[in-house]
Structure formats: structure tokens, C-alpha cells
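Breakdown of the fold
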Amino acid sequence: MRLAPPAAFLLATLLAACGSDGLPVTETNPGDGYNSTAVAFMSDVHFENIYGDLKSAQFSGIPTKDGKNATIRTMYAQLTSTRLFNENYFAFRAALDDAYAKGLRLVALPGDISDDAQPINIDGISDILHEYQAKGMRFFIAPGNHDPNEPYDDDEAGKNDFLTRDGKEQKIYAVNNAACKAKDPTVVCTNQLMEQGYDKLLTKLGEFGYMPNKNDVYWETPFTPYTDGKYSYDAASAASALDKRQFEICAEGEGGSYKAAGETKLGKPYTRCTKIIDASYLVEPVKGIWLLALDANVHVPNAKFDPANPKIFSGFDNAGDAGWNKVLTHKIHQMEWIKSVAARAKAQGKQLMSFSHYPTMDFYANQTDAMKAVFKSGAFQVTRMPAAATTAALAGTGLPLHMGGHMHFNGTNDYKDAAGNYMVNVQSPSLAVFGAAYKIVSYQSKDTIDVQTVGLNNVARYNELFPLYQTEYDYLQGSVAAGDVAKRWDRGILDSTSYGQFTRTYFGELSRLRFMSDYWPCEMKEAAMSLDARQMLILSQLQTKVTLAQLKDNPGVLPITATCAAKGTVADGGVAASQLTADWATATAKAEQLAAAANLKLDDFAKISAYEFYGDFHRTVYAGELALRDMGAQRVAQYKVLMGAFPATPAAIVKIGDLPSDQNAVNVLFQNQFKQVFAIFKGLGSGKPSDRFTIDLKAKTLTNASNSGLSFN
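Report follows, based on the coordinates. From a predicted model like this one, the values you see are computed outputs, not experimental measurements. (Residues numbered from 1 in each chain as written. Predicted model: local features only at pLDDT ≥ 70, side-chain atom pairs only at ≥ 80, totals over all residues. Heavy atoms only, no water.)

Moving on, we get to the sheet that holds strand 17 (residues 422–427). On the basis of which strands lie adjacent, the open sheet formed by seven strands has the order 9-12-13-14-15-17-16 and mixed pairing. Sheet topology places strand 9 (218–220) and strand 16 (411–416) at the edges, where each strand pairs with a single neighbour. Across the sheet, the mean angle separating the axes of adjacent strands is 15° when strand polarity is ignored. For strand 15 (residues 401–404) and strand 17, the ladder comprises four bridges, and the chain directions are parallel. Paired with His402 across the bridge in strand 17 is Asn425. (Pairing = 2+ DSSP bridges. Helix = DSSP H or I, 4+ residues; strand = E, 2+ residues; numbered from the N terminus. Axes fitted to C-alpha atoms, helices over the stretch in contact; angles between N-to-C directions.)

Quick look at the structure:
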């Protein structure tokens, strides 16, 4: 069991249990009343300062016709990343303009505001926030795993893929990178590309929540003891000093007052212990509303940690996969503080909105286990999934609402426990992907919360860089170098007529160039990249004894092969490959009946090409309900037919080792595997409300408030 914290810590906890009016947690403050002020949540901006100054004589970017220099990444880099690097510059401004026009003045940013916290990007987004702050908006940042990447400065970092004026790639690194030290003439060296740690980030971005503001009603950190529970700006300013916002972290768990208990449980001493910053804070920007910004980054000291040089960035793991799972063991103080904040908020009638970079519960509409079973190991970044025990622990703090990011996913989930706790996790999608949107959250009463999703389909200047990408495209098309040929992309994206269409096509290319190889097993990848929806519906009805190995002898029926299968022993009494033609005709008739029963035509299913299908699947993984809106009612209806078309119990797949045998009948692999794929697809598109909905904390329910939503149910 964990030993009790020392008396000093208990005293600090008791003092912190007094709220903005100096009231202890056991008292209420009905005078606070109800405040309907809405808060905008914009997650994962991944801002890159595309017209920023790299401060390098070697490379200043690409001159543009209006006299600026574009310091941008290649289109290929964007199309193989789970985030855009360039166009989100315009999307962020569009979101801020839209929020401002709607009268929103409070904006929370749940992490990854930048792409790796480089000075060029942090300074750029700071300028934009100052611009809108001057118009009356306020911003509150919670750190993400890209800001900071590591707890301390990384002066060896950089990127390989900045775009040059002739369409090629340019490497740009911080000055202590090995290539810079070796004076590699092909590399541009500038500390504008270093990755900044907590010290610099909290100093540069302090006025955006990390430090108290004179206009705040209240502000505190997990470490803030206010004398006699009385809040003042001067006391808050003193408590905001970075040296007062640190805790001890060890490889095995949180140190400090928690070390002895952890060592006892582990049965051996904690190692690699050091002090590190927790950037969390609680702020009451307007009376009655509490914004709880949680630093859920956990940078665990690793095997490279040097106690003699504890601020070397390489001595810590990146926080990307750790999330809330590691908070439970490595930031115990924060869990206790959250519980205190939740209790005080309830007692004082505060409208609590918590946010961090990481989700607190299943973010794949409870399809995670199925996805693990069907796709490649680690596919869709399921390693980032909060464990059930993590969700239970967070709900046990009494936290009612958490706004998360990180996964670039639009979705909602909730959790109830036997003790009566109810917590809702809302995933705010990234502005830098398909389904780009932000959330608007407001309390309608003390127990009712309204959540709206504002999509960014139309973004001014979204195509401003397209002429520069055309140069890249032309270069790749003209080059015969194998590396360049492999990086060719579909020029159709440059014909996009809106930001929404641009991000839709981006996700199609991201699927083709990366996801299909990274996530889908070989035979599933071949089927998904070869079959249109008409062929899929027919194949779902196919019953044949013709084997995969025989497809080569009757190649005109199906565009798939036995390439991904292992060679098996031919069984006696098989049928001729020509039988597939007749069996396919029978299956076609059944598929036509299924389509007709849904008032659809089988031939129209062919309009869903293989490229459209796997693009739709991945768009739904990320955008959920918003992806179905993009598909439209007819395509949703077509997918619903497919989802219900498979045999109740498909034949088992015969394997040779880990590979399917080529002696499986043609229909077996598809019916077995894609029955599961379409079940996951259905689940992802039929999750809990994620567009416009109401949270009832008293009834512990989520209610869809959108009249235009589509679902696979």
C-alpha cells in the first residue's frame, strides 16, 4: 500500500481544497449561479509557420509571387502523415475567425498546438494567439506529446522533407545534429528547428493559461498552497514559478512521498529519479467556469538517462504512447489533485471542463478489441488505448467531463461505475486531418452540457500553396530515381475545390500510400485494394469449391490472386476452375436481390471503387459520424447492405503456419475476414453521438441533438 504523504503535503492539499472564494470543499456557493459562457476546444492544430523565418543563409524557403518565402514540407510528406503540415496554417485561422464570429471568447487547446515545438512554429502560433487575444479572445493550452516532444530541449532534431523551389526535398536540422557537426553540405543547420522543452514553452506561452492572468477569478497548480485558502493574483504569480511546479519521476513510478510505497510494492528500489515539470493548472477565467488543463505527458527516464546530466533530452521516453495509463503510476499527485478539484467544483457549483491531450477511455467506439483481432499488430495505434483500469480510476476522481485529442479522432464515449461516478470523454478532432472541426461546449444547467461540432469545410486560402506542389509533382513525374518514383502522388488533390475536399483526398492518399501496407494483412490488403463494392457484395454471397490456387486458371471473374497464401496440398475431388463463372452468376443474382430489398441497384455499388472503400473506412476510423455525412445517404445505405450480407457463420480459414492456404475456397477468406471488417466499420459509424449532443450528468446519458446525422444502425 502507498504510504501517507508527509504532513507538509497534507497541509498543502487542505489549503488547495479551498476554492476561488476561499470556501472549504464542504461548503457550497450558490451565489456563483449558472454561467452559459461557451468554450471552444481546438485540438491538434500541429501549427507550422509556413511563412516563418528559418534564420538561415543557406535556405530561406521558396519565394512566392507576393514577396513572401514559403518554408513548407513536401506534399508527399503530408500524404504519408496522420496530420497535414502546411494547410492547417489556414485552417487554424479559419477556426479562430469562425469562433470569434460566433461570439466565442474562450478557446482551449488540448495539446499539439505545434509540430514539435520548434522556435519558428511556437513563435508563429504565439503571434497568431496574440493577434486574436487583442480582439478579446483568451486561450488556454494543455501540453501535447509534440509540445514538448521531450521535457528538455532537443538541439539535434530536424526534418528531412522541406520543399525546395525545384520540387525536391531539403534536410533542415538543429545545429547539434550529427550532420551539422560534420558540416554536411546537403543539410541546412539552424536552431529554428530545435525542439523546445518545458522551460522555454511555458515561458514563451505563459500568458495562454500556463501562468495566472490578472483578469482570472482564480488560478492554481497541483502544487499551489494559498495561505489561509485566500486567493490573490500575487500569490498565484509566486506559485506559478517553474521551480515550484516540479515533482520527482523515476523509471518505475512517481518518487517523492510516493517512492517508499512504490518500492515496497515493486520489491526493489526506484531508479533513474529526477525532478520534472508538471504544467497542469486550474483556471476560472469567468465567474463560475473552471477549466482544468491537465498535463498528461509522462516522460519516463529511460536507459539513456544520465543522473549527472539529468536534462539531456535523450534520457526520456516520448509521451505519445504512455498517455493516462502512465499518469496512474508516474503522476499520482495529479490524480489526487484532480479528485480535489472535482470535489471542490461540485461543492461550489463550478462548471468544470477538464481537458488534456490524451483520451481517457476507448476512442474507437468500443471497437478496439475487434480491430486488434482483425488487423496487423499495433495497427491504428491501439497501443495508445487507455486501459479499463485507467478509465475506472479517472472516473473515480469524480471528473464529469474530459475533452481529449491526440488521436485526431472525432468521437464520444462515457463510463459509469458502481459508486455512481459518471464521466464523459469527448474527442476533439484535429484541424489538420479529414473531418477537421472544433467543439463548442457549454453548460445549459448544472447537470446539462451541450456539445456542438463545427466542421471546417470552407477555409480561405487553403489552395495558396498548390502551385508549389505542382512543381514537386512535376519533378517526381520526371525523375526516374527509384526513391522519387515511390513518392509519386495523385495530382487530383490539387483540383480540390474546398478544404473539406482537400482533406478527403488527402485521406484517400494517406490510406493508399501508408495505411494499407501498415495496417492490413496481405490478403486483406489485396482484396480491399482490388474489389469495388459491387464485387464485394457478390463475393459475400458466393458459395464455390473453386480454390484460390485455381483463380489463375479463370482470371476474368475476380481481380484477386493467391499471392498472399501458402501453397497447400490439392485435395481429391475438386472442381474445375471454370465452375467459378457459374457460381459467380448465382451469387450475382443473390446480390441483386439484397440490393433490391433496400431499394438499391447492384450496379450502382460499383461506383464505390476499392479506393473509395478503403478511404471511407479510414475516414470513418478518424471522423466517425462526420465521415458518414461526407458519404451521403445513398452510400451509407449501400454499406448497410454489405454489413448485413455476410453468412452468419462463415467457413473457417485453413492455414499453413500463420498463412492462409491457397486451397481455401475463393469465398472463404473474404467472407471470414470482411465480415469482421464490416462489423468494425458499422461500429465506428454507429458510435455514441459525436456531432451535436447533450450530456445529462444527473441521468448519466448522452442524447443526440442532430437532425441530419447518419448512422449504420
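Attention now moves to the nonpolar core. Of all hydrophobic cores here, the largest spans 201 residues; its most connected members are Trp520, Phe613 and Phe674. If one sorts the elements of this core by residue count, helix 23 (residues 666–684) sits on top with nine residues. Ignoring any residue separated from it by four or fewer positions in sequence, one finds Phe613 in contact with Trp520, Ala528, Met536, Ile608, Tyr639, Phe674, Val677, Phe678 and Phe681. Listed in part, the seven residues of the second largest apolar core include Leu54, Ile172, Val188 and Leu193. (Core = buried A, V, L, I, M, F, W, Y, C linked by side-chain atoms within 4.5 Å. Buried < 20%, exposed > 50% of the residue type's maximum accessible area, 1.4 Å probe, protein only. Contact = heavy atoms within 4.5 Å.)

With that settled, consider the packing of helix 3 (residues 88–101) against helix 4 (residues 119–133). Helix packing geometry: the angle between the two helix axes and the distance between the axes. It is at 12 Å that the axes of helix 3 and helix 4 come closest, and there the two elements cross at 15°. The pairing of helix 3 with helix 4 is recorded here as roughly parallel in orientation. Crossing angle aside, the handedness with which helix 3 passes helix 4 is right-handed. Facing Phe92, Arg93, Leu96 and Asp97 of helix 3, the residues of helix 4 in contact are Ile125, Ile128, Leu129, Glu131 and Tyr132. (Parallel < 35°, antiparallel > 145°, perpendicular 65-115°, else oblique. Left-handed = near helix turned anticlockwise from the far one by under 90°.)

Before going further, it helps to examine the packing of aromatic side chains. The relative placement of two aromatic rings is captured by the distance of their centres and the angle of their planes. Counted according to the given criterion, the structure contains 46 aromatic pairs. Taken together, a centroid distance of 6.0 Å and an interplanar angle of 85° make the contact between Tyr51 and Tyr89 edge-to-face. With Tyr51 in the loop between strand 1 (39–41) and strand 2 (62–63) and Tyr89 in helix 3, this residue pair connects regions lying 38 residues apart in the sequence. Residue class for Tyr51 comes out buried when judged on its relative accessible area of 17%. The interplanar angle of 45° and the centroid separation of 6.5 Å between the aromatic rings of Phe613 and Phe674 together place this pair among those described as tilted. Remark: Phe674 occurs in helix 23 and Phe613 occurs in helix 20 (residues 610–623); sequence separation between them is 61 residues. For Phe613, a relative accessible area of 1% gives the class buried. Lying over the aromatic face of Phe162, Arg73 brings its terminal NZ or CZ to 6.0 Å of the ring centre. Taking NZ or CZ as reference, Arg105 lies 3.9 Å from the ring centre of Tyr100, over its face. (Phe/Tyr/Trp six-rings, centres within 6.5 Å; stacked < 30°, edge-to-face > 60°. Lys NZ or Arg CZ within 6 Å of the ring centre and 35° of its normal.)

This next bit is on the packing of helix 10 (residues 323–330) against helix 13 (residues 388–395). For the pair helix 10 and helix 13, interaxial distance at closest approach is 9 Å and the crossing angle is 65°. As helix 10 runs across helix 13, the sense of the crossing is left-handed. On helix 13, the residues touching Trp324, Asn325 and Leu328 of helix 10 are Ala389, Thr390, Ala393 and Leu394.

Our next topic: the state of the cysteines. Under the definition given, this model contains three disulfides. Across the disulfide from Cys180 sits Cys189; the S-S distance is 2.1 Å. When the S-S torsion is -105°, as for the bridge of Cys180 with Cys189, the disulfide is left-handed. Among the residues examined, Cys180 registers a relative accessible area of 9% and is labelled buried. A sulfur-sulfur separation of 1.9 Å characterises the disulfide bridge that pairs Cys522 with Cys564. (Disulfide = S-S within 2.5 Å.)

In this section: the sheet that holds strand 8 (residues 187–189). Read across the sheet, three strands follow the order 6-7-8 without closing on themselves; strand pairing throughout is mixed. With one partner strand each, in any of the chains shown, strand 6 (158–163) and strand 8 form the two edges of the open sheet. Recorded for the sheet is a direction-independent mean angle of 35° between the axes of neighbouring strands. In this sheet, strand 8 lies alongside strand 7 (residues 169–173) in parallel orientation, the contact comprising three bridges. If you follow Lys171 over to strand 8, its bridge partner there is Val187.

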